[in-house]
Every structure is written in structure tokens, then in C-alpha cells.
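# Understanding the architecture of this molecule
The chain contents come next:
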Amino acid sequence: MPLKAKVRDACKPFLPRGDEIRYAFPAASTDFAGERAASSIGGINFLVVVTDRRIVVIACSYWRRYKPSSVWEVYPRSTRLGPVDIHPSFGPTISFGGLALEIDEEYVSVVRAADLEVEGDLPADPLPDL
């Protein structure tokens, strides 16, 4: 399920002026084994926003998963988010830039699409006139 427009709009003040949101999805910090981390970033909820120019990881309010509070890190758009590690006991996780994040299964296709866009492997639009 795509993030609601309200959540995407709440992310815009944390993005550089002129950046266009291409993909956005929620994630939670994990350790590399796929369990919630007990480290200094353990249990933090994030919104990962992929723009046309960069990837912005936004930390969210502790109590509200979809309320952005600060920019955690910014990565170049050439950064790959995957591969997605799907473990039968934990759920999907991704690791990039020193972060290990757990994502909901419904956002696996979003991560894969973002990575395909970086590689230039997206298929042509079958209905470009719509």
C-alpha cells in the first residue's frame, strides 16, 4: 500500500528544494540478524524517501511511525537499497550505508523498483499516452 499523500507531504520539508519524491516507504531499525536492534538506534522508525536526486532517511517521532522529525542521513541517488533479504522468521530487511532496516513485505517491490531505476533497467512504459 502506498504511503498516504499526507505522509508524503509531511516529508517534503525535510527534502532539499526541488527534489521530487519518486518512492517512499516506512522502515524500522534492526540489527543485521533481522531482530530489533538493542543499539543506540534500536527501535527507531524511519521514512525512506527516494527522490530524483538522492535518498533521504528521515527519523520519525518515537510514538508516531509516520510523523517525520529529523533527517537521519542523506545518500546519493546511486545508492542501492537492496538486495532485500527475506528471512522466514523475521521478515524483509535491507542494508545500505551502514543501516539495517526492516520493511513491511508490501514495500519489497518499492525497494526493487528504486534499485532498478538506479541501474537503468526499468521496462518501458507500456501506456505512455495515459
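Note that the structure is a prediction, hence the values are computed from the model and not measured. (Residues numbered from 1 in each chain as written. Predicted model: local features only at pLDDT ≥ 70, side-chain atom pairs only at ≥ 80, totals over all residues. Heavy atoms only, no water.)

### Here's the deal with a positive patch on the surface
What counts here: Surface patches are defined over residues having more than 30% relative accessible area and no salt bridge, joining like charges when they lie within 9 Å and nonpolar side chains (Val, Leu, Ile, Met, Phe, Trp, Tyr) when within 5 Å. Accessibility throughout is a Shrake-Rupley quantity obtained with a 1.4 Å probe, and a residue counts as covered only by protein chains that appear here. Salt bridges are defined by distance alone: a side-chain nitrogen of Lys or Arg within 4 Å of a carboxyl oxygen of Asp or Glu. A positive count includes Lys and Arg, and a negative count includes Asp and Glu. His and the chain ends are not counted in either. Throughout, a charge is located at the NZ atom of Lys, the CZ atom of Arg, the CG atom of Asp or the CD atom of Glu. In this text, helices come from DSSP runs of H or I with a minimum length of four residues, and strands from runs of E with a minimum of two, each type numbered from the N-terminal end.
A cluster of basic residues, K4, K6, R64 and K67, forms a positive patch on the protein surface. Looking at the element boundaries, K67 is found in the loop between β3 (54–60) and β4 (68–76).

### A few points about the pattern of salt bridges
Taken as a whole, this structure holds 7 salt bridges when the rule is applied. A salt bridge links D9 to K12; the shortest N-O distance between them is 3.3 Å. Its salt-bridge partner being D104, residue R65 comes within 3.4 Å of it at the nearest N-O pair. Of this pair, R65 sits in the loop between β3 and β4 while D104 sits in the loop between β7 (99–102) and α2 (108–119), and the two are 39 residues apart along the sequence.

### Remarks on the side chain of D115
Spelled out, the test is: Each residue gets one of three labels from its accessible area relative to the maximum for its type: buried under 20%, exposed over 50%, partly exposed in between, using a 1.4 Å probe on protein chains only. In what follows, residue pairs with any heavy atoms lying within 4.5 Å of each other are defined as contacts.
Mapped onto the secondary structure, D115 falls in helix α2. Under the relative-accessibility criterion, D115 is labelled buried at 5%. Once residues lying within four places of it in the same chain are set aside, the contact partners of D115 are T79, R80, L81 and G82.

### Let's talk about the nonpolar core
Rules: Here, nonpolar core refers to any group of buried Ala, Val, Leu, Ile, Met, Phe, Trp, Tyr and Cys residues whose side-chain atoms link them within 4.5 Å.
One finds F25, L81, I94, F96 and L101 to be the most contacted residues of the largest nonpolar core, which totals 34 residues. A per-element tally of this core places β3 first, with 6 residues.

### Describing the confidence of the model for the protein chain
Heads up, the condition is: Values of pLDDT, the confidence the predictor places in each residue, fall between 0 and 100.
Chain-level statistics for the protein chain give a pLDDT mean of 86 and a share of 87% at 70 or above. Within the model, the stretch residues 32–40 combines pLDDT values under 50 with 19 contacts to residues more than four positions away or in other chains.

### Here's the deal with the sheet that holds strand β2 (residues 45–51)
Here is the rule we go by: Paired strands, in this sense, are two strands between which DSSP finds at least two bridges. Axis definition: a line fit to C-alpha positions, over the contact stretch in the case of helices; interaxial angles, taken between N-to-C directions, run 0 to 180 degrees.
An order of β4-β3-β2-β1-β7-β6-β5 is seen for the 7 strands of this open sheet, with the pairing classed as antiparallel. Only two strands of the sheet have a single neighbouring strand rather than two, namely β4 and β5 (85–87). Neighbour to neighbour, the strand axes of the sheet diverge by 35° on average, direction disregarded. Docked against the sheet, α2 engages β1 (21–29), β2, β5 and β6 (91–96), running at close to 130° with respect to β1.

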